[in-house]
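Coordinate inspection notes
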Amino acid sequence: MLTFGAVAEGHALRRALEAWLSVHGLTLVAHGNAEDLPGSYWGAPEAGIETGRLHVRDDTPLHSLLHEACHIVCARAAGRPEFARDAGSDGSEEDAVCLLQLIVADRLPDVGWRRLAVDMDAWGYRFMAGSTAAWFRRDSAAAWRWLDAHGLAQRVAA
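All right, on to helix H3 (residues 91-106) then. For H3, spanning 16 residues, the distance from its first C-alpha to its last is 23 Å, which sits close to the expected 22 Å at 1.5 Å a residue. For H3, the full list of buried residues reads Glu93, Ala96, Val97, Cys98, Leu99, Leu100, Gln101, Leu102, Ile103, Val104 and Ala105. Against helix H1 (12-23), helix H2 (62-77), helix H4 (112-123), helix H5 (132-138) and helix H6 (141-149) lie the buried residues of H3.

Set out below in structure tokens:
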């Protein structure tokens, strides 16, 4: 599983990730591996969210970092700019978050949506279509509509 710490400072992936977060007004806060992560829904090492801050450690899985960042992006698009730990999303928005994290991963060097989908499956994501990849290819139309309805479908590459 790809982790935040596995991506060296200055690496193209790290630069691309930081640029994407910056475009969306997100601040990445790195913590030591022994520290708890503020705003983590599942507990460390899973990423935590507080308003526009994304809390990570070196052992935070990249899929977790992307998922929580996409929660902030989607919540803001849905009109919920301030929250901590729990984005308060419904099932439709949760699917849109999952789709957005795959789209973003596909634009990151050395990641791609397929690799992220494998990590998501290993973590325990479950979709009616079976795997994350099967859901992405065959059953994500409603999530695409949610992103489009909230003006995110055109802006995800930013």
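Between H1 and H2, the shortest axis-to-axis distance is 11 Å and the interhelical angle comes to 15°. Considering their axes alone, H1 and H2 lie roughly parallel with respect to each other. Helix-helix and strand crossings are classified by hand; for H1 and H2 the assignment is left-handed. Residues Leu17, Trp20 and Leu21 of H1 pack against Leu62, Leu65, Leu66, Ala69, Cys70 and Val73 of H2. Across the contact of H1 with H2, the residue classes tally to 9 nonpolar, no polar and no charged.

Tracing the sequence through the fold places Ser40 in the loop between strand S1 (27-31) and strand S2 (48-50). The class for Ser40 is buried, based on a relative accessible area of 11%. A distance of 2.9 Å separates a polar side-chain atom of Ser40 from the backbone oxygen of Glu46. Contact partners of Ser40, with chain neighbours within four places excluded, come to Glu46, Ala47, Gly48, Ile49 and Arg85.

Once that is clear, we can look at the packing of aromatic side chains. As enumerated under the stated definition, the model contains 5 aromatic pairs in all. Taking the centre distance of 5.6 Å and the plane angle of 70° together, the rings of Trp42 and Trp123 count as edge-to-face. Pair noted here: Trp42 is in the loop between S1 and S2 and Trp123 is in helix H4, with a separation of 81 residues, a long-range link. Here Trp123 falls in the partly exposed class, since its relative accessible area comes to 32%. Both rings, one in Trp123 and one in Tyr125, keep their centres 5.5 Å apart while their planes meet at 55°; by these two values the pair is tilted. Grouping aromatic residues by their ring pairs yields a cluster made of Tyr41, Trp42, Trp123 and Tyr125.

Moving on, we come to the pattern of salt bridges. Charged atoms that come close allow side chains of opposite charge to pair. Taken as a whole and assessed by the stated rule, the structure comprises 3 salt bridges. In this structure, the salt-bridge partner of Arg14 is Glu18, at a minimum N-O distance of 3.3 Å. Separated by 4 residues within a single helix, Arg14 and Glu18 lie in helix H1, roughly one turn from each other. Residue classification places Glu18 among the partly exposed positions, given a relative accessible area of 33%. In this structure, Arg57 and Asp59 form a salt bridge, with 2.8 Å as the shortest nitrogen-oxygen distance.

Rules behind the numbers
Residues numbered from 1 in each chain as written. Predicted model: local features only at pLDDT ≥ 70, side-chain atom pairs only at ≥ 80, totals over all residues. Heavy atoms only, no water. Helix = DSSP H or I, 4+ residues; strand = E, 2+ residues; numbered from the N terminus. Expected span 1.5 Å × (residues − 1). Buried < 20%, exposed > 50% of the residue type's maximum accessible area, 1.4 Å probe, protein only. Contact = heavy atoms within 4.5 Å. Axes fitted to C-alpha atoms, helices over the stretch in contact; angles between N-to-C directions. Parallel < 35°, antiparallel > 145°, perpendicular 65-115°, else oblique. Left-handed = near helix turned anticlockwise from the far one by under 90°. Nonpolar A, V, L, I, M, F, W, Y, C, P; charged D, E, K, R; others polar. Polar contact = N/O pair within 3.5 Å; in protein donor to acceptor, adjacent residues only side chain to side chain. Phe/Tyr/Trp six-rings, centres within 6.5 Å; stacked < 30°, edge-to-face > 60°. Salt bridge = Lys/Arg side-chain N within 4 Å of Asp/Glu carboxyl O.

Note that every value here comes from positions in space, so none of it alone points to a role or purpose.
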